[in-house]
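# Understanding the architecture of this molecule
One-letter residues, chain by chain:
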Amino acid sequence: MVIQNTKALKKHNQFTVLNEIIENQPVSRSELSKHLDVSHATISYLVKELIEQDLIVETDYSQSTGGRPPMLLEFKGDNKYIVTLEIKMNGIEYGFINLNLELIDTGEVKIDGYNIGEILNILTDQVEKGLIENNIKKGAVIGIGISI
């Protein structure tokens, strides 16, 4: 990956910290600093931004070896979602998955006898209905995956 500017560097660093938290959760800021060989100040800055983006959460205190016990960090993937679509010969299956990779709900739209415009309208209506039924706000959907 080529990092061309400070904005790209910041995104790269956030991704690296988030990935480390996901792989080693719960983890403290000190552990992140050691694992990634980055200053504690940099880790604290990146963690603060990830908390503001509602991607991680401070959960509990870790065992202290002296001084104030460190706060543990965990990935918060239960409040962001991916919509999945699988296009088949006679229908389109859709589903909602949170970032913890938990399947929330599924459904299917039959497409026999409909033109593409009608299919898109029916599918849009069904997905919006599924979002409402599962109490998922549109802003919490961060991606869509389509397979054919």
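All of these numbers come straight from a predicted model, not from anything done at the bench. (Residues numbered from 1 in each chain as written. Predicted model: local features only at pLDDT ≥ 70, side-chain atom pairs only at ≥ 80, totals over all residues. Heavy atoms only, no water.)

### Topic: the nonpolar core
- By size, the foremost hydrophobic cluster in this structure holds 14 residues, and its most contacted members are Leu85, Ile92, Tyr94, Phe96, Leu123, Val127 and Ile136.
- Among the elements of the structure, strand S4 (81-87), strand S5 (91-98) and helix H4 (116-133) are those that each provide at least two residues to this core.
- Here this core takes 4 residues from H4, the largest share from any one element.
- Among the nonpolar cores identified, the runner-up in size contains 13 residues, and Ile21, Val47, Leu50 and Phe75 belong to it. (Core = buried A, V, L, I, M, F, W, Y, C linked by side-chain atoms within 4.5 Å. Buried < 20%, exposed > 50% of the residue type's maximum accessible area, 1.4 Å probe, protein only. Helix = DSSP H or I, 4+ residues; strand = E, 2+ residues; numbered from the N terminus.)

### Side note on helix H2 (residues 29-36)
- All of the buried residues along H2 are Arg29, Leu32 and Ser33. Down the axis, H2 shows its buried residues gathered within 100° of arc, on one side only.
- Taken together, the buried residues of H2 touch helix H1 (6-24), strand S1 (27-28), helix H3 (40-52), strand S2 (56-61) and strand S3 (71-75).
- Positive phi appears at aspartate 37, one or two residues downstream of H2, with a value of about 55°. (Arc of directions from axis to C-beta. Contact = heavy atoms within 4.5 Å.)

### Quick look at the sheet that holds S3
- Strands sit in the order S1-S3-S2 across an open sheet of 3 strands; the sheet is antiparallel. On the outer flanks of this sheet lie S1 and S2, each paired with one strand and no other.
- Pairing of S2 with S3, which is carried by 4 bridges, proceeds in the antiparallel orientation. Looking across to S3, one finds that tyrosine 61 is bridged to methionine 71. (Pairing = 2+ DSSP bridges.)

### Regarding the sheet that holds S5
- Judged by pairing direction, the sheet is mixed, and its 4 strands sit side by side in the order S6-S5-S4-S7 without closing on themselves. Taken across any chain shown, the strands that pair with only one partner, and hence form the sheet edges, are strand S6 (103-110) and strand S7 (141-147). Sheet twist, expressed as the average angle between the axes of neighbouring strands with direction ignored, equals 15°.
- As paired strands, S5 and S6 are joined by 7 bridges and run antiparallel to one another. (Axes fitted to C-alpha atoms, helices over the stretch in contact; angles between N-to-C directions.)

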